[in-house]
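Per-entry structural report
The chain contents come next:
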Amino acid sequence: MAEQAVLNVDLADVWEARGRKGYIRTIAWGDEITVVKQTATYLEVSISVFRQKPDGSILPESISGYIEPTKSSGIKVGDVVRPVTDNKVLKVNFVDVQQGDGMVIESPDGKVLLIDGGDNQMFARYLAGRFRNTSLQQPKPIDCIIVTHGDADHFSGLSEILKSETNKVTRKRLFMQPQRVYHNGLVKRPTSMNNKDVPDTKLLGPTKTLGGKLYLTGLEENLLDVDDKDMNEPFREWKQTLATYNSRSPVSFRRLQLGDTQAFEFFNREDLRIEVLGPITTQVGGQPALRFLGEPPKGPRIGHDSLNDSDEGFTGHSASHTINGHSIVLRLSYGGFSFLFSGDLNDEASRFLAREHNKGTLNLRSEVFKVPHHGSADFSGAFIQAVSPIVSCISSGDENVRKEYIHPRATLIGALGKWSRVPEPLIFVTELVAFFKTEGPSRLQDDKAAKKRGPFYGFSRTAYGLVKTRTDGHRLFVYTDSGNVQMKEAYAYQLDSSGVPQPAEVNRA
């Protein structure tokens, strides 16, 4: 009798026939499969694979195969899978959305959180492939969407999910229903009014001065209550998207700040929990407010002060640095492993957090680190030292001249290596773990556009840019796919008797 199960080893190869013949694909720890038959030497399983069709489309199909551990692996058939009802694996995927952020967290009991979503359709396409067979009547429940801050490269792509519902290609559609939407409370205003540029200090809402410093006092809770005239175009589109989801089923909105311990009670259980570490607010006139941040010292900067947590060197009032610096910061802990998600934190704001860490009022130390701001040079060495990561993920993709920021910066990558707690830290860049195939001379499909553009050299994507992490609180597994389907870049860590992560062998059935 077929049973739903999850893989219980790091990697397992699936074959078409007994005797490990006819390689199909490799699946990973925590992946769901259907076990058709189990014997002392093999498992017959049903899995989904993506096949390329004659027209070039790549479609999913369900096929049967065999998992047959080798004797040299030391893995017993009975240890390869466990019942899906007994799943212990937390999955965190860092998705290549080009210049932006997009992450998916899935708890052992199936709760799904989205953190940001890029500014294009890549995140929507990835989610449609992962959560298939949805419909308006049966949408995929999303327990929470967290928008770390109000830059379009972190949330405009979420509106593409709603647009995908009308895509002509069924496999590209995703119907979802978010239950909660969390954000940092800052809404970007239009950059011009009456044909005049709006000054930075007016771009993020009402302000008050306290102790010689400027603070933002108009922090929003429910984005649906914000007037359209007080939003720039990406925010207006996001509001319309949220209004549609809210009309189908009520969505709970919440502004997050340091210490919001109740915000993730729906997710937290036993030794799995999320803490909110930022942004850090100040009481101004009896209301929470966010300090207006300034411009960092001029670069190029070499020799970031690793222990300097002062506010010296930051001048003026910068709306862009303010909205970045007050990104939502989350620390996800499961047993002995932690993940730190840091949005687009910059040097000035990171020093606030490093100062609190050094005082012992919050804990930044984490094994897996979502590096701030796509690897920007505007970082704090003190902050990275406090995190002291083992695995760092940089989400970047400067795909054209319009968005060229030279991310990630050499100084940032050097700091990640220097301040890691291990001699050989892992540093991943989402755009570098995508693989492409050379297609040769190509042309655009539209004749008019093709005539204007002319022929060009084309490439197709053979492997999505994904950094995948898995943990049960005792073991951490990190891997990426390759253009060669039989290859994975994979690493593992195991807690020792003192609870310290140590490098471990990757087990492959």
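Above this text sits the structure in question.
Parameters and conventions
Residues numbered from 1 in each chain as written. Predicted model: local features only at pLDDT ≥ 70, side-chain atom pairs only at ≥ 80, totals over all residues. Heavy atoms only, no water. Helix = DSSP H or I, 4+ residues; strand = E, 2+ residues; numbered from the N terminus. Rg over C-alpha atoms; globule rule 2.2 N^0.38 Å. Contact = heavy atoms within 4.5 Å. Areas by Shrake-Rupley, 256 points an atom, 1.4 Å probe, with all protein chains shown as cover. Lys, Arg positive; Asp, Glu negative; His and termini not counted. Charge placed at Lys NZ, Arg CZ, Asp CG, Glu CD. Buried < 20%, exposed > 50% of the residue type's maximum accessible area, 1.4 Å probe, protein only. Pairing = 2+ DSSP bridges. Axes fitted to C-alpha atoms, helices over the stretch in contact; angles between N-to-C directions. Parallel < 35°, antiparallel > 145°, perpendicular 65-115°, else oblique. Left-handed = near helix turned anticlockwise from the far one by under 90°. Nonpolar A, V, L, I, M, F, W, Y, C, P; charged D, E, K, R; others polar. Salt bridge = Lys/Arg side-chain N within 4 Å of Asp/Glu carboxyl O. Arc of directions from axis to C-beta. Patch = residues over 30% accessible without salt bridge, like charges linked within 9 Å, V, L, I, M, F, W, Y side chains within 5 Å. Core = buried A, V, L, I, M, F, W, Y, C linked by side-chain atoms within 4.5 Å. Expected span 1.5 Å × (residues − 1). Phe/Tyr/Trp six-rings, centres within 6.5 Å; stacked < 30°, edge-to-face > 60°. Lys NZ or Arg CZ within 6 Å of the ring centre and 35° of its normal.

1. Overview of the overall build of the protein
Within the protein one finds 8 helices and 33 strands. In terms of overall dimensions, the protein is globule-like: its C-alpha atoms have a radius of gyration of 24 Å, near the 23 Å expected for 509 residues. Taking the principal axes of its C-alpha atoms as reference, the protein extends roughly 75 × 65 × 45 Å. Sequence-distant contacts in the protein: of pairs separated by 6 or more residues, those separated by 24 or more amount to 65%. For the protein, the exposed surface amounts to about 23,000 Å²; the carbon and sulfur share of it is 49%. For the protein, the separation between the mean place of its 63 positive charges and that of its 62 negative charges on side chains is 3 Å.

2. Side note on the pairing of strand S23 (residues 329-334)
Of all 6 residues making up S23, 6 are buried, and the element is well covered by its neighbours. Here S23 shows two buried faces, one formed by Val329, Arg331 and Ser333 and the other by Leu330, Leu332 and Tyr334. Pairing geometry for strand S20 (residues 272-278) and S23, over 6 bridges, is antiparallel. By the bridge assignment, arginine 273 is partnered in S23 with serine 333. Pairing between S23 and strand S24 (residues 337-341): 5 bridges, direction antiparallel. Among the inter-strand pairings, tyrosine 334 is bridged to a residue of S24, identified as phenylalanine 337.

3. Things to note about the pairing of strand S33 (residues 501-504)
Relative to S33, strand S32 (residues 488-495) runs antiparallel, the two being bridged by 4 bridges. Across the sheet, the residue bridging to glutamine 494 is glutamine 502, located in S33. Between S32 and S33, which pair antiparallel in sequence order, lie 5 residues; one of them, glycine 499, sits at a positive phi of approximately 80°.

4. Quick notes on the packing of helix H2 (residues 152-163) against helix H3 (residues 233-248)
Two elements in contact, H2 and H3, have axes whose closest approach is 9 Å; the angle formed by their N-to-C orientations is 40°. Taken together, the axis directions place H2 and H3 in an arrangement best described as oblique. Between H2 and H3 lies a crossing of left-handed hand. Along its contact with H2, which presents Ala152, Phe155, Ser156, Leu158, Ser159, Ile161, Leu162 and Lys163, the element H3 presents Pro234, Phe235, Glu237, Trp238, Thr241, Thr244, Tyr245 and Arg248. Per-class residue counts for the contact of H2 with H3 are 9 nonpolar, 4 polar and 3 charged.

5. Notes on the sheet that holds strand S18 (residues 213-216)
One open sheet holds the 4 strands; their spatial order is S17-S18-S22-S21, and the pairing between them is antiparallel. Sheet topology places strand S17 (207-210) and strand S21 (282-284) at the edges, where each strand pairs with a single neighbour. Each strand of the sheet is rotated relative to its neighbour by a mean of 50°, with strand direction disregarded. Of the pairings in the sheet, the one linking S17 to S18 comprises 4 bridges and is antiparallel in character. Note on S18: the bridge partner recorded for threonine 209 is leucine 214.

6. Topic: the pattern of salt bridges
Counting across every chain of the model gives 26 salt bridges. Taking the shortest distance from any N to any O, the salt bridge between lysine 488 and aspartate 481 comes out at 2.5 Å. Overall, lysine 488 belongs to the partly exposed group, its relative accessible area being 24%. Among the charged side chains, a salt-bridge network with shared partners connects Asp13, Arg20 and Arg508.

7. As for helix H7 (residues 410-418)
Of the residues making up H7, those classed as buried are Leu412, Ala415 and Leu416. Down the axis of H7, the smallest arc covering the buried residues is 100°, so these residues share one side. Seen from the buried face of H7, the exposed residues on the opposite side, beyond 90 degrees, are Ala410 and Lys418. On the buried face of H7, the contacting elements are strand S25 (368-370), helix H6 (381-387), strand S26 (391-394) and strand S27 (426-429).

8. Observations concerning the sheet that holds S25
The 6 strands are arranged S20-S23-S24-S25-S26-S27 in an open sheet whose pairing can be described as mixed. The strands lining the two open edges of the sheet, one partner per strand, are S20 and S27. The sheet shows a mean angle of 15° between the axes of neighbouring strands, taken without regard to direction. Contacts from H7 reach S25, S26 and S27 within the one sheet, and its direction differs from that of S26 by about 165°.

9. Let's talk about a nonpolar patch on the surface
Taken together, Phe436, Tyr457 and Phe459 make up a surface patch of nonpolar side chains, about 380 Å² in accessible area. Relative to the elements of secondary structure, phenylalanine 436 occurs in strand S28 (residues 435-442). Given a relative accessible area of 47%, phenylalanine 436 falls into the partly exposed group.

10. Some points on the nonpolar core
In a soluble, globular protein the nonpolar side chains are often hidden away together inside. Core analysis: the largest hydrophobic core is formed by 36 residues, its most contacted members being Phe264, Phe267, Leu330, Leu332, Phe341 and Val391. The next biggest cluster of nonpolar side chains, apart from the first, holds 32 residues, and it includes Val104, Ile145, Leu158 and Phe235.

11. A look at H2
In a regular helix each residue adds 1.5 Å, so 12 residues correspond to 16 Å; H2 covers 16 Å between its end C-alpha atoms and thus fits that length. Of all the 12 residues making up H2, 9 are buried; the element is thus mostly covered by neighbouring parts of the structure. Taken together, the buried positions of H2 are occupied by Asp153, His154, Phe155, Ser156, Gly157, Leu158, Ser159, Ile161 and Leu162. Lining the buried residues of H2 we find strand S10 (112-115), helix H1 (122-130), strand S12 (144-146), strand S13 (176-178) and H3.

12. Focus: the packing of aromatic side chains
The tally for this structure, following the rule as stated, stands at 12 aromatic pairs. Between tyrosine 457 and phenylalanine 459, the aromatic rings sit 6.0 Å apart at their centres with planes inclined by 70°, giving edge-to-face as the arrangement. We note that tyrosine 457, like phenylalanine 459, is exposed. Members of the aromatic cluster, each reached through a chain of ring pairs, are Phe94, Phe339 and Phe341. Lying across the ring of phenylalanine 266, arginine 180 places its NZ or CZ 3.7 Å from the centre. Just above the ring of tryptophan 419 sits the side chain of lysine 418; from NZ or CZ to the centre is 4.9 Å.

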